[in-house]
Each structure stands twice: as C-alpha cells, then as structure tokens.
Amino acid sequence: MLYDPQGPLHADDPELRQAFLNALEDGQSARRTIDQLSGGVYAGERSVARAIHRGASDQVSARLSALHAGALGSGPAMAFAPLDHKTGASDEGPIALDNAAGDDATAALLAGRTARTAGFWLRGIGGTGVLDGGPDGGGEYDWKGAVSGLDAPVSPDLRLGLFLGYTDGSAQQAFPDASIETDSLMAGVYGSYDLGDDWRMSGQADWTRIDADSRRRINLGALNREARADYADEMLSLHIEVSRISGLGGDWWVESYGGAEADRLTLGAFRESGAGAADLSRVKETQTTGALRAGARVAGRIGRRDDVRPHAEIGLRQSLGPTANTARLGFDNAPSFTVAGRERDRTTLEGGVGLNLVGDGGLKGYADYRFSLSRNIRDHAVSATLVIPF
C-alpha cells in the first residue's frame, strides 16, 4: 500500500486530527488506523466486477454449447437432448420455446448445422468468492440474479441472439468495516457459425452498467463516522470461441474448445460524504484486460435413463494484461495515493458439473455448479432452473 498517513492532518477537522494523532501514539493501533482510512475495499472492486460478469456471461456460452450439440435450450453446460425426428426440435432445457421446423431441420441438426427454430431461455444464477481488497485481501462477496435470451437462425449456418441479465451483488470486508452493494444490468448479442466438419465458431459482445453504493465505517477511539458514496462503473466485453464436437460412443459426447476474451472496465468517479476530512474521492479510471481459455465439455446420459443427464467441464484460463487489484484514491487537500489488495493469479483452473432433470408430467429443470480455482482465487457459482410445460 502506497499511502500518506498525514493526509487527514492537513484538513480543517480538529476532531478527526486529534483522534488520528491519539491512535498513532499507540503502536498497536497505528496499522489499524491507517487501514481504516485507506479505503482498501475499493481495491477489490475490479476482480469482483469481472467475476460476477463472468458468471453471467457463462450462461450465454452454455447456450451456444448446447446449440452446437443440437440441443435447443439445454442446461448450463452441454446436455445433448434427444431430437424429435418429426420437428427437429429438442424437448430439453430451461423454458425452451422451440418452434416446429419440419423434417429438413432434423437433417440439418444431424449434419451439425443450425436448426431452423427460435429459442427463448431464462436462468437463475448466483455465486460467491474471496474479496481481493483490503490490507490482507480479506473479505468475501456474493451475488445472485438472472439471465435470459432469445435466438434464431438467420441462415442454415448462422444463428444470432440477444440477451439481458441482472445481478445483485454485495462485497463485505470485516476489518476495516466496509461494504459495496451493486446492481448490474447487462445487455448483449451472441451468435454461432457452423464451419463444417463439426467445427463451430461462436462469440458474444456485451455492455454492463454497475450501480454501486459503498460504505466505510471509521472508528478511532471516541470518533465514529461513516463514509458513503454512490457511483456507476461500466464494462465492455468481447468473447470468441472455436469448438469441435466429437462422439465418445453410446450417448456420450465431448466438445473441445479454445477461445479468447477482452474487457474494458471503467471505474466511475466519486466523492464520499459523511466522514468529514476522512472522506475519500476517486477520479474516473479505465483498464483493459484479456484472457485465453482452453478446455473440454462432456455430456451424455447414464444407461437408457432420460430423466437424469450429467454434464461436466474442465479448462484453463490464462489472464493477459494487469492482474493487480488497486485503487487510486485521495483526501481533500492532500496528495493521492494507491491502495493495493491481493493480486490475482494469471493461471486458473475452471470447470463445473451439473445435471439435467426430467420429472413426471413433463416437468424439467437443471442444477449446475461452476468454479474458478488457483492459489489465491476461490470463486464459485451456481445456476438452476425449473421448467414447467405450458
């Protein structure tokens, strides 16, 4: 942490200045004093924003994987649904409203081409992870929300869609006592193009607005203040993937994939209020990062049972560009400083497991768990849907 602890002393706030000096006279509380004033919770904001965005955008990637396999509206990873040989449509997946297309759609699907049907999907999502802010990278975050989309073919080889997403997130830090509450709205486009020989290129582009409400509690002896700020962050993101479907024998398949992604995150400017000279401010800041991904997805069914269909994914992610979690902050009438949290690992192991479930009376649903793990990263996400025929 690069921090000038004399900042609050330059301000016309006698109560804060005296509490600050009293705390610094005690060697045991000097570090705690500086940590309370530094605004370390803001250092973890970048990684939290990207982790929540990735959890939501993974639902679009799952939809594209399902389409590649010929399953119109499968679960969150690949779940290869049996095709109706009269309509060419699948009966699997979350709220899959797939229109009948005739016998020619069946032939196209079996040949690995885009089905001549439209599909609507809706998925509930949520997750948790470690907050990489603060002096010791302490704290955690959690989030929940939903993503939905509508896609349709525009040619025998090309399918395009639109999607919307909303998430409600909360990042909590025990000490210093601080939190950031977020409401995020995502909108974007996605598509899939058949390259032939079971190869396919897919991608998505989206914009996300993150409305944030931050709170920091400052306790210095008898001094008790709370600093608050409202601001908005934005993110632009682009994902591209190339994949190939192969049969494993019986009712099991594997999809090998490789891809790249880039995002441009803009942290909004703010000035806190409520804590007097301890209020912090931030100027608008933009950072661009990227990543390379490669792995495999597997799906099928156990025996001849159609009511339980497992799927799994495993892969590696290599981050490109900055991985440090930092925030450039400042007090009034004092030089700005940089507060740094824990740095994210460049290489992470990603994957997930799940089940597609089919009940009596046509009731359908799925449950899925995804993870991102490394030495310093522990991100987890779940998604689930209950499908009621109507």
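Residues numbered from 1 in each chain as written. Predicted model: local features only at pLDDT ≥ 70, side-chain atom pairs only at ≥ 80, totals over all residues. Heavy atoms only, no water.

## Re the overall build of the protein
Within the protein one finds four helices and 16 strands. For the protein, the proportion of its 390 residues judged to be buried stands at 53%. The long-range share in the protein, meaning contacts at least 24 apart out of those at least 6 apart in sequence, stands at 63%. (Helix = DSSP H or I, 4+ residues; strand = E, 2+ residues; numbered from the N terminus. Buried < 20%, exposed > 50% of the residue type's maximum accessible area, 1.4 Å probe, protein only. Contact = heavy atoms within 4.5 Å.)

## What to know about unusual backbone geometry
In the Ramachandran plot, Asp197 falls in the positive-phi region, its phi being about 55° despite a non-glycine side chain. Tracing the chain through its elements places Asp197 in the loop between strand 4 (178–196) and strand 5 (199–220). Of the residues examined, Asp197 reaches a relative accessible area of 67% and is grouped as exposed. In this model, Asp198 sits at a positive phi of 70°, which is unusual for a non-glycine residue. Relative to the elements of secondary structure, Asp198 occurs in the loop between strand 4 and strand 5. In this structure Asp198 comes out as partly exposed when scored by relative accessible area, which is 37%.

## Structural notes on the packing of aromatic side chains
Under the defined criterion, the tally for this structure stands at seven aromatic pairs. Residues Phe163 and Tyr190 carry aromatic rings whose centres are separated by 6.1 Å and whose planes lie at 50° to one another, so their mutual orientation is tilted. One end of the pair, Phe163, is in strand 3 (residues 158–173); the other, Tyr190, is in strand 4, with 27 residues separating them in the sequence. Residue classification places Phe163 among the buried positions, given a relative accessible area of 3%. A relative accessible area of 3% means that Tyr190 is categorised as buried. For the cation-ring pair, Arg282 lies above Tyr231, with the distance from its terminal atom to the ring centre recorded as 5.0 Å. Above the face of the Tyr257 ring, Arg297 is positioned so that its terminal group lies 4.1 Å from the ring centre. (Phe/Tyr/Trp six-rings, centres within 6.5 Å; stacked < 30°, edge-to-face > 60°. Lys NZ or Arg CZ within 6 Å of the ring centre and 35° of its normal.)

## Re the pattern of salt bridges
Under the counting rule described, the total for this entry stands at 25 salt bridges. Arg225 is paired through a salt bridge with Glu15; the nearest N and O atoms lie 3.0 Å apart. With Arg225 in strand 6 (residues 223–249) and Glu15 in helix 1 (residues 14–25), this residue pair connects regions lying 210 residues apart in the sequence. Here Arg225 falls in the buried class, since its relative accessible area comes to 15%. Assessed through its relative accessible area of 48%, Glu15 is described here as partly exposed. A salt bridge links Arg297 to Glu241; the nearest nitrogen and oxygen atoms lie 3.2 Å apart. One end of the pair, Arg297, is in strand 10 (residues 285–299); the other, Glu241, is in strand 6, with 56 residues separating them in the sequence. What makes Glu241 buried here is its relative accessible area of 15%. Via salt bridges that share partners, Asp58, Glu241, Glu255, Arg297, Glu313 and Arg370 belong to a single interconnected network. (Salt bridge = Lys/Arg side-chain N within 4 Å of Asp/Glu carboxyl O.)

## Concerning the environment of Phe270
When you line up the elements, Phe270 lands in strand 8 (residues 270–271). Look past the residues within four positions of Phe270 in its chain and what remains in contact with it is Tyr42, Ala229, Asp230, Tyr231, Leu280, Ser281, Arg282 and Leu329.

## Comments concerning the nonpolar core
With 44 residues, the main nonpolar core has Tyr42, Tyr141, Phe163, Tyr231 and Leu329 as its most contacted residues. Among the elements that make up this core, the one with the highest residue count is helix 3 (residues 45–68) (six residues). Leave out the neighbours within four places in its chain, and Tyr42 touches Ile180, Ser214, Arg216, Ala229, Tyr231, Phe270, Glu272, Ala327 and Leu329. Core analysis: the second largest hydrophobic core is formed by five residues, Ala49, Ile210, Met235 and Leu267 among them. (Core = buried A, V, L, I, M, F, W, Y, C linked by side-chain atoms within 4.5 Å.)

## Structural notes on the side chain of Glu255
Along the polypeptide, Glu255 turns up in strand 7 (residues 252–267). The buried category is assigned to Glu255, whose relative accessible area is 1%. Only 2.9 Å separates the side chain of Glu255 from the side chain of Ser243, close enough to count as a polar contact. (Polar contact = N/O pair within 3.5 Å; in protein donor to acceptor, adjacent residues only side chain to side chain.)

## Describing the environment of Gly351
With respect to the helices and strands, Gly351 occurs in strand 14 (residues 347–358). Excluding its chain neighbours within four sequence positions, the residues that come into contact with Gly351 are Glu313, Ile314, Tyr369, Arg370 and Phe371.

## Re a negative patch on the surface
Taken together, the side chains of Glu140, Asp142, Glu181 and Asp183 define an acidic patch exposed on the protein surface. Elements with a contribution of two residues or more to the negative patch: strand 2 (140–153) and strand 4. Along the polypeptide, Glu181 turns up in strand 4. (Patch = residues over 30% accessible without salt bridge, like charges linked within 9 Å, V, L, I, M, F, W, Y side chains within 5 Å. Areas by Shrake-Rupley, 256 points an atom, 1.4 Å probe, with all protein chains shown as cover. Lys, Arg positive; Asp, Glu negative; His and termini not counted. Charge placed at Lys NZ, Arg CZ, Asp CG, Glu CD.)

## Considerations on a nonpolar patch on the surface
Taken together, the side chains of Tyr193, Leu195, Trp199, Met201, Leu238 and Ile240 present a nonpolar region at the surface, about 560 Å² in accessible area. As for its position among the elements, Ile240 is in strand 6.

## Structural notes on the side chain of Ser372
Note on placement: Ser372 falls in strand 15 (residues 364–373). Beyond its immediate stretch of four places on either side in the chain, Ser372 contacts Thr348, Leu349, Glu350, Ile377, Arg378 and Asp379.

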